[in-house]
Amino acid sequence: GCVGCVWVGLALQPLVIIVGPNINEISQYFVLVDGTYFVLNSIIDSVDCCFKIIHALNLQYPIECLPIWTFIQKGFYKIKTAFDTEYVSVNSLLSDLKVNEDL
């Protein structure tokens, strides 16, 4: 999956875990980081927690989902840094959704 247990250097990336038989019957949400599970109430809370852990610990986004985390960073949190990777697809989607006009 996109959000996964990936080693970047020596840092273990946070992992969003969703438990349930299918997308319509999700029973639990967790974020796993360095052996500790955080129990959350929704997928939005889980992604929010994971995003904040990545930034609080100064981790890099996993390579396989860099565009998705970049979209979340710019579209939802309105954060732009000198270290951002630029993606035409992400910038185009943000423009189409009219959510990047402040960046």
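Everything that follows concerns the structure shown earlier in this document.
Residues numbered from 1 in each chain as written. Predicted model: local features only at pLDDT ≥ 70, side-chain atom pairs only at ≥ 80, totals over all residues. Heavy atoms only, no water.

**Observations concerning helix α1 (residues 43-56)**
- For α1, built from 14 residues, the straight-helix expectation of 20 Å at 1.5 Å per residue is met to within 8% by its first-to-last C-alpha distance of 20 Å.
- Every buried residue belonging to α1 is among Ser46, Cys49, Cys50, Phe51, Ile53 and Ile54, and all of these are buried.
- If you follow the buried residues of α1, they end up packed against β3 (15-19), β4 (28-33), β5 (36-40) and α2 (66-75).
- Capping the start of α1, Ser42 holds a side-chain oxygen 3.4 Å from the backbone nitrogen of Ile44, two or three residues further along.
- Looking one or two residues beyond α1, the residue adopting positive phi is Asn58, at roughly 55 degrees. (Helix = DSSP H or I, 4+ residues; strand = E, 2+ residues; numbered from the N terminus. Expected span 1.5 Å × (residues − 1). Buried < 20%, exposed > 50% of the residue type's maximum accessible area, 1.4 Å probe, protein only. Contact = heavy atoms within 4.5 Å. Polar contact = N/O pair within 3.5 Å; in protein donor to acceptor, adjacent residues only side chain to side chain.)

**Some points on the pairing of β4**
- The buried fraction of β4 is high, at 5 of 6 residues.
- Bridge count between β3 and β4: 5 bridges; the pairing is antiparallel. Bridged to Val16 within β4 is Val31.
- In the sheet, β4 pairs with β5 via 5 bridges, with the strands oriented antiparallel. Residue pairing across strands places Val31 opposite Phe38, the latter belonging to β5.
- Counting the residues between successive antiparallel strands, the hairpin from β4 to β5 contains 2 residues, one of them, Asp34, with a positive phi of roughly 50 degrees. (Pairing = 2+ DSSP bridges.)

**Concerning the nonpolar core**
- Counting 16 residues, the largest nonpolar core has Val31, Cys50, Ile54, Tyr61 and Trp69 as the members making the most contacts within it.
- Elements that contribute at least two residues to this core include exactly β4, α1 and α2.
- The greatest single-element share of this core, amounting to 5 residues, is contributed by α1.
- Among all residues touching Val31, those that are not within four sequence positions of it are Pro14, Leu15, Val16, Thr36, Tyr37, Phe38, Leu40, Ser46, Cys49, Cys50 and Ile53. (Core = buried A, V, L, I, M, F, W, Y, C linked by side-chain atoms within 4.5 Å.)

**Focus: the sheet that holds β4**
- Taken in spatial order, the 3 strands make up an open sheet running β3-β4-β5, and their pairing is antiparallel. Single-partner strands in this sheet number two, and they are β3 and β5. The average angle at which neighbouring strand axes cross in this sheet is 30 degrees, direction not considered.
- Lying over the sheet, α1 contacts β3, β4 and β5, oriented at roughly 10 degrees with respect to β4. (Axes fitted to C-alpha atoms, helices over the stretch in contact; angles between N-to-C directions.)

**With respect to unusual backbone geometry**
- The backbone of Asn58 sits at a positive phi, close to 55 degrees, despite the residue not being glycine.
- Within the secondary structure, Asn58 sits in the loop between α1 and α2.
- In the Ramachandran plot, Lys98 falls in the positive-phi region, its phi being about 55 degrees despite a non-glycine side chain.
- Along the chain, Lys98 turns up in the segment after α3 (88-96).

**Considerations on the layout of surface pockets**
- By volume, the largest pocket is sized at about 390 Å³.
- Along the walls of the largest pocket sit 14 residues, with Leu59, Gln60, Tyr61, Thr81 and Phe83 positioned nearest its centre.
- Sorting the residues of the lining of the largest pocket by element identifies α1 and α2 as the ones contributing at least two each.
- With 3 residues, the top contributor of residues to the lining of the largest pocket is α2.
- In the lining of the largest pocket, the residues fall into 6 nonpolar, 7 polar and 1 charged. (1 Å grid on protein atoms, 1.4 Å probe; cavity = no way out; pocket = protein on both sides within 12 Å on 5 of 7 lines; lining within 4 Å. Points joined across faces, edges and corners; volume = space filled by probe spheres on them. Nonpolar A, V, L, I, M, F, W, Y, C, P; charged D, E, K, R; others polar.)

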